[in-house]
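Architecture and fold: a report
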Amino acid sequence: MGEQSTKRNICIGLMAHVDAGKTTLSEAMLYTGGQIRKLGRVDHQDAFLDNDVQERERGITIFSKQAVLPLTNMEVTLLDTPGHVDFSSEMERTLQVLDYAVLVISGTDGVQSHTRTLWKLLERYSVPTFLFVNKMDLNGADETALMENLQSQLNPGCIDFSTENDDFLENIAMCDETILSAYLETGALETESIRDLIAQRKVFPCYFGSALKTIGVEAFLQGLERYTRVPQYPAEFGAKVYKIVHDAQGARLTYMKITGGSLPVKTVLRGGEGENAWAEKADQLRIYSGNKFKLSEEVPAGGVCAVTGLTHTYPGQGLGIEPDTPAPVLDSFLTYQVMLPMGVEPHTAVQKLRLLEEEDPQLHVVWNEHLREIHVQLMGEVQLEVLQRTIADRFGLHAQFGQGNIVYRETIEYPVEGMGHFEPLRHYAEVHLLLEPGAPGSGLQFGSLLSEDVLDRNWQRLILTHLEERSYPGVLTCSPITDMKISLVAGRAHLKHTEGGDFRQATYRAVRHGLRRTKSILLEPWYDFRLEVPAALVGRAISDLQRMFAEFSPPETLGDSAVITGSAPVSEMRGYALELTAYSRGEGSLLCMPKGYRPCHNAEEVIAAIGYDPDRDTENTGDSVFCSHGSGVIIKWYDAENHMHVESGLSFGEEEAEPEQELPSERGAVYQAPAFDKELQAIFERTYGPVKRREYRPTGTLRGEDLSSKTLWPVPERDTTPEYLLIDGYNIMYAWDDLKKVAEKDIDTARQILMDRLCHYQSVSRCICILVFDAYRVPRDVEDVLQYHNISVVFTKQAETADTYIERATYEIGKKHRVRVATSDMAEQMIVLGHGAQRMSANELKMDVDDAIRRLRDTVTNFNEKESMKHANKPFRDIAKKKS
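Quick notes on the rules
- Residues numbered from 1 in each chain as written.
- Predicted model: local features only at pLDDT ≥ 70, side-chain atom pairs only at ≥ 80, totals over all residues.
- Heavy atoms only, no water.
- Helix = DSSP H or I, 4+ residues; strand = E, 2+ residues; numbered from the N terminus.
- Buried < 20%, exposed > 50% of the residue type's maximum accessible area, 1.4 Å probe, protein only.
- Contact = heavy atoms within 4.5 Å.
- Areas by Shrake-Rupley, 256 points an atom, 1.4 Å probe, with all protein chains shown as cover.
- Pairing = 2+ DSSP bridges.
- Axes fitted to C-alpha atoms, helices over the stretch in contact; angles between N-to-C directions.
- Phe/Tyr/Trp six-rings, centres within 6.5 Å; stacked < 30°, edge-to-face > 60°.
- Lys NZ or Arg CZ within 6 Å of the ring centre and 35° of its normal.
- Nonpolar A, V, L, I, M, F, W, Y, C, P; charged D, E, K, R; others polar.
- Polar contact = N/O pair within 3.5 Å; in protein donor to acceptor, adjacent residues only side chain to side chain.
- Arc of directions from axis to C-beta.
- Core = buried A, V, L, I, M, F, W, Y, C linked by side-chain atoms within 4.5 Å.
- pLDDT = per-residue confidence, 0-100.
- Expected span 1.5 Å × (residues − 1).
- Salt bridge = Lys/Arg side-chain N within 4 Å of Asp/Glu carboxyl O.
- Disulfide = S-S within 2.5 Å.

1. A word on the overall build of the protein
Tallying secondary structure elements over the protein gives 25 helices and 40 strands in all. For the protein, the residues scored as buried account for 51% of the 884 residues in total. Once local pairs closer than 6 in sequence are excluded, the contacts in the protein between residues at least 24 apart make up 71%. Accessible surface for the protein amounts to roughly 40900 Å². Of this, 49% is attributable to carbon and sulfur atoms.

Pasting the structure below:
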């Protein structure tokens, strides 16, 4: 323990098309190298690295594994990666830490579709690659034909290293002009020159053998030891995180490769920026080999270890001098709904799924508050089955999954300025953002164009942090936005009242405000494809591609087959591989690689089918909150610009800045407010036009348009009992003088007193009380709903105010029941009135609560008096009974 090896340390990854014999080769390498005493087999379910139950049952690698392979002058860290296409993201995350890769090819199948995908990824990550052609002991394995196949399908630099014959050096020299000139002069090649060509990905050594029978494995290990070299690492510490797992005891393990300096145990590692900065100690350094590990005191550069004690790390993260790795190329284009069994709380399930998302970020667990649904992204049916089993085994949840749907994205066509203002009582923040279209595939980029003389550097960093901490739904289908550059151009803070959460609110609202003001474009995923069919079926293939809106080049002849390359929408090509197999009787092949996102070919159809209404989405609002007469006033997104406190100096053409908005369809009749709300209704109608009951809250129109000419919306039929009362907690506390005095000293005590009073009130009244408190500054994904005696107490989730929650709840509950809202906020009263709810001022609620408590006290007093009389008269009743 703690002793460091003087051998060269090389990190090598194994990858292959499924069933090429990759795990069998890892067994043979470990056995030949003396690391294991028994040669395990996949079909016997005793392979050294496939130690997961599901891996052994299915006979495939699902999770990447680590093994230590000591050779004569070198120590290899062997990383075995999944071969099935459904687990490609796990494999791709491993590529970022490899010094070399071993691509295993089946001798009976040659280069297959997923083999080409792996080859392109190795090229993208610039990983030097060795090839081992397996199963050469089987009938049909022709070494000469296979070499031609490798050189034509992968790269002409594939050279046979298994037999160093007369042509061996000449074939290598042909791969580089400089090396060729030196070879022609001397007739020799230095080993170091061959290493250089391999490291530069100009030469790809090929070895042939049978892993199951260990034929050719020893020569292959000797070739690895001879033709690889250790990378040069800097002296300063750096590390790359490539994997997160939880062991059987629940400990969180961060797998990383040290890429600079060294990592001693108990080192304090740091990451993040601003309010997201963290510092944690590396408690243990585990060197795994299979499912066993040894503890190390220090891991040098080039070493791979699992670190305990870290809770903020994530795959692809760079530590120290190491930068983060860009997002993986292989990402799922399909999203599935997770259907939980009866009685399972969705919020609890989301928290458990987040643990799995830490391990596989490509799951993209999403909680849709509006639909109250959980969605995950998956690569295919096998991954779905594995995930289903994992959820059941680890968490005891027997979940089902809905049908997979395409994952869409949205971007914008024109640049626009988005503005967000957040100023409820004792809070203040204003943010102006410039939203610009980005290049396809560029993702979201954030920056600042604002001078620090206008807004302090710390506030600017905080705004950029808030921009980066979440994804943003678009306004067409609620799909995440992408391919945009968002720049901070103006902002303002208050010396006394601004807090960090205020800028979060203003930033989110500014992004949404900008999206509402410009024209959005729906994007869909596309594949780059390579379609190979028998020449007789070219006509059928071209007809299918045209039907799928594909773009492709003319067919090219390849022996008796024709090859067509091009690109097509994922939604159209989905499932075509099965169709191809059927009509070509297994002779056709289809290779699909993610191309990225392009404008949707049937956008109107998709938008209509999804049916998303941004005005109904209270979770993502572009409205701003301004302070007026001591309380917050909500200003709709289309009018917010006229109320902003600062100007950015930006200007856009009228057509780009404010595209024409469509009004809602016309639907029906007026909702009549109760008599005691007539005055407020008159104010509302003078300001906004007649009250309209619609599927959700009123959205307004463009400035200057008259609402009074529009047909009004119908009120759905509702039960009149029971009646619900929604109370804005902090608003009421500060509106009642006695609670306000208590809150100034101890807000928790004031909150408790209010909760107790409302418990008494509900006991006497016939309404159901829901008390709502702001908790938007508390980092939580979902709201907390507590049952306090006989009332419900809600603490809103992060980035949601009590006003927003009450608006949403008013609509949902108001479909079937009468609803009243108790608040002193005039803007909130107008909004709930527009929903068809009744309003109740803070003073009216206090009068009702005081009256209820008085009545409850009188009832208790009368009851006690009656009980006292019963006990006082009991002796006389006993005497009367005896006489009778």
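The structure having been displayed, the exposition proceeds.
2. Quick notes on the sheet that holds strand β5 (residues 129-134)
If you trace the seven strands from one edge of the open sheet to the other, you get β2-β3-β1-β4-β5-β7-β6, paired in mixed fashion. Pairing within the sheet leaves two strands with one partner each, and these edge strands are β2 (65-70) and β6 (158-160). Averaged over all adjacent pairs, the angle separating strand axes in this sheet is 30°, with direction ignored. Relative to strand β4 (residues 100-106), helix α4 (residues 113-124) is tilted by about 165°, and along the sheet it contacts β1 (8-16), β4, β5, β6 and β7 (204-208).

3. Let's talk about the packing of aromatic side chains
For the coordinates displayed, the defined rule picks out 18 aromatic pairs. The interplanar angle of 90° and the centroid separation of 5.2 Å between the aromatic rings of F161 and Y227 together place this pair among those described as edge-to-face. In this pair, F161 sits in the loop between β6 and α6 (168-173) while Y227 sits in helix α9 (residues 217-227), placing the two residues 66 residues apart along the sequence. Exposure class is identical for F161 and Y227. Each is buried. A network of ring pairs unites the aromatic residues F132, F161, F168, Y207, F220 and Y227 as a single cluster. A cation over an aromatic ring shows up here: R124 above the ring of Y125, its NZ or CZ 5.2 Å from the ring centre.

4. Quick notes on unusual backbone geometry
If you check the backbone angles, S126 has positive phi at about 55° while not being a glycine. Here S126 is to be found in the loop between α4 and β5. Positive phi, close to 50°, is recorded for D483, a residue that is not glycine. Structurally, D483 can be placed in the loop between α12 (457-468) and β27 (484-493).

5. Thoughts on the packing of helix α21 (residues 737-745) against helix α22 (residues 747-764)
Helices that pack against each other are described as a pair by the angle of their axes relative to one another and the distance between those axes. At a minimum axis distance of 6 Å, the contact between α21 and α22 shows a crossing angle of 145°. On the side of α21, the interface is formed by D738, L739, V742, A743 and K745, while α22 contributes I747, T749, A750, I753, L754 and R757. Looking at side-chain class alone, the contact of α21 with α22 contains seven nonpolar, one polar and three charged residues.

6. Quick notes on the sheet that holds strand β8 (residues 238-246)
Reading across the sheet, the six strands line up as β14-β13-β16-β9-β8-β17 and stay open at both edges, with antiparallel pairing between neighbours. Looking along the sheet, the strands with just one partner apiece sit at the ends: β14 (292-295) and β17 (318-320). In this sheet, neighbouring strand axes are inclined to one another by 40° on average, regardless of whether the strands run parallel or antiparallel. The pairing of strand β13 (residues 284-289) with β14 spans four bridges and is antiparallel. Within β14, the residue paired with R286 across the bridge is L295.

7. A short note on the side chain of D544
Note on placement: D544 falls in helix α14 (residues 538-547). Residue classification places D544 among the buried residues on the basis of a relative accessible area of 5%. Within the local environment of D544, its side chain forms a polar contact with the side chain of Y576, the two groups lying 2.9 Å apart. Excluding residues that lie within four positions of it along the chain, D544 makes contacts with Y576, E579 and Y583.

8. Things to note about helix α16 (residues 576-583)
Buried residues of α16: Y576, L580 and Y583, and no others. Looking down the long axis of α16, one finds its buried residues gathered within 75° of arc, a one-sided arrangement. With respect to the buried face of α16, the exposed residues turned more than 90 degrees away are L578 and A582. In this structure, the buried residues of α16 make contact with β28 (520-534), α14, α15 (570-573) and β32 (589-599).

9. Remarks on the side chain of S567
Within the secondary structure layout, S567 lies in strand β31 (residues 561-569). The class of S567 is buried, set by a relative accessible area of 6%. Apart from residues lying up to four places away in sequence, S567 is in contact with W526, Y527, D528, F529, A550, E551, K595 and R598.

10. A few points about the nonpolar core
Grouped together as the largest cluster of nonpolar side chains are 41 residues, with contacts concentrated most on L25, M29, V102, F130, F161 and I172. If near-sequence neighbours (up to four positions away) are discounted, L25 is found in contact with L14, V102, V104, F132, A211 and V217. The next biggest cluster of nonpolar side chains, apart from the first, holds 37 residues, and it includes A101, L103, L146 and Y242.

11. Quick look at the pairing of strand β20 (residues 373-378)
Of all six residues making up β20, five are buried, and the element is well covered by its neighbours. Sheet topology places strand β18 (residues 334-339) next to β20; five bridges connect them, and they run antiparallel. Within β20, the position partnered with T335 by the bridge is Q377. Judged from the three bridges that link them, strand β19 (residues 366-368) and β20 form a sheet pairing that is antiparallel. Across the sheet, the residue bridging to N368 is E373, located in β20.

12. Notes on the confidence of the model for the protein
Residues with a pLDDT of 70 or more make up 87% of the protein, whose mean pLDDT is 83. The element-level mean pLDDT for the protein is lowest in helix α18 (residues 654-657), coming to 42, with β5 highest at 96. Of the regions scoring below 50 in pLDDT, residues 1-5 engages in nine contacts with residues more than four places distant in sequence or in other chains. With pLDDT under 50 throughout, residues 654-677 is counted as low confidence; its partners more than four residues away or in other chains account for 55 contacts.

13. Observations concerning helix α11 (residues 381-395)
A rise of 1.5 Å per residue sets the reference length of α11, with its 15 residues, at 21 Å; its end C-alpha atoms lie 21 Å apart and thus fit the reference within 8%. Within α11 the residues assigned to the buried category are V382, Q383, L384, V386, L387, T390, I391, A392 and F395. In this fold, the buried residues of α11 make contact with α2 (53-58), β18, α10 (346-359), β20 and β21 (400-401). Taken from the residues just after α11, G396 is the one with a positive phi, measuring 70°.

14. Observations concerning the environment of R229
Relative to the elements of secondary structure, R229 occurs in the loop between α9 and β8. By relative accessible area, R229 is classed as partly exposed at 30%. Once the C-alpha coordinates of R229 and A199 are considered, the two residues, 30 residues apart in sequence, prove to be 8.3 Å apart. Excluding anything up to four places from it in sequence, R229 contacts R8, I10, Y100, E192, D196 and A199.

15. Brief notes about the pattern of salt bridges
One pass over the structure, following the stated rule, counts 39 salt bridges. The salt bridge involving E413 is made with K519; its shortest N-O contact spans 3.5 Å. Taken together, the residues span a long stretch of sequence, with E413 in the loop between β23 (409-412) and β24 (416-422) and K519 in the loop between α13 (500-517) and β28 at a distance of 106 residues. A residue is classified by how much of its surface remains accessible, and K519, at 41% relative accessible area, is partly exposed.

16. A short note on the environment of Q752
Locating Q752 in the fold gives a position in helix α22. Assessed through its relative accessible area of 33%, Q752 is described here as partly exposed. Only 2.4 Å separates the side chain of Q752 from the side chain of Y788, close enough to count as a polar contact.

17. A short note on the environment of Q54
By the secondary structure assignment, Q54 is in helix α2. If near-sequence neighbours (up to four positions away) are discounted, Q54 is found in contact with I62, E385, V386, R389 and T390. From its side chain, Q54 meets the backbone oxygen of V386 in a polar contact 3.5 Å long. A distance of 3.2 Å separates the side chain of Q54 from the side chain of T390, its partner in a polar contact.

18. Overview of the state of the cysteines
Across all of its chains, the model carries zero disulfides by this definition. With no disulfide of its own, C175 has C158 as its nearest cysteine by sulfur position, at a separation of 9.1 Å.

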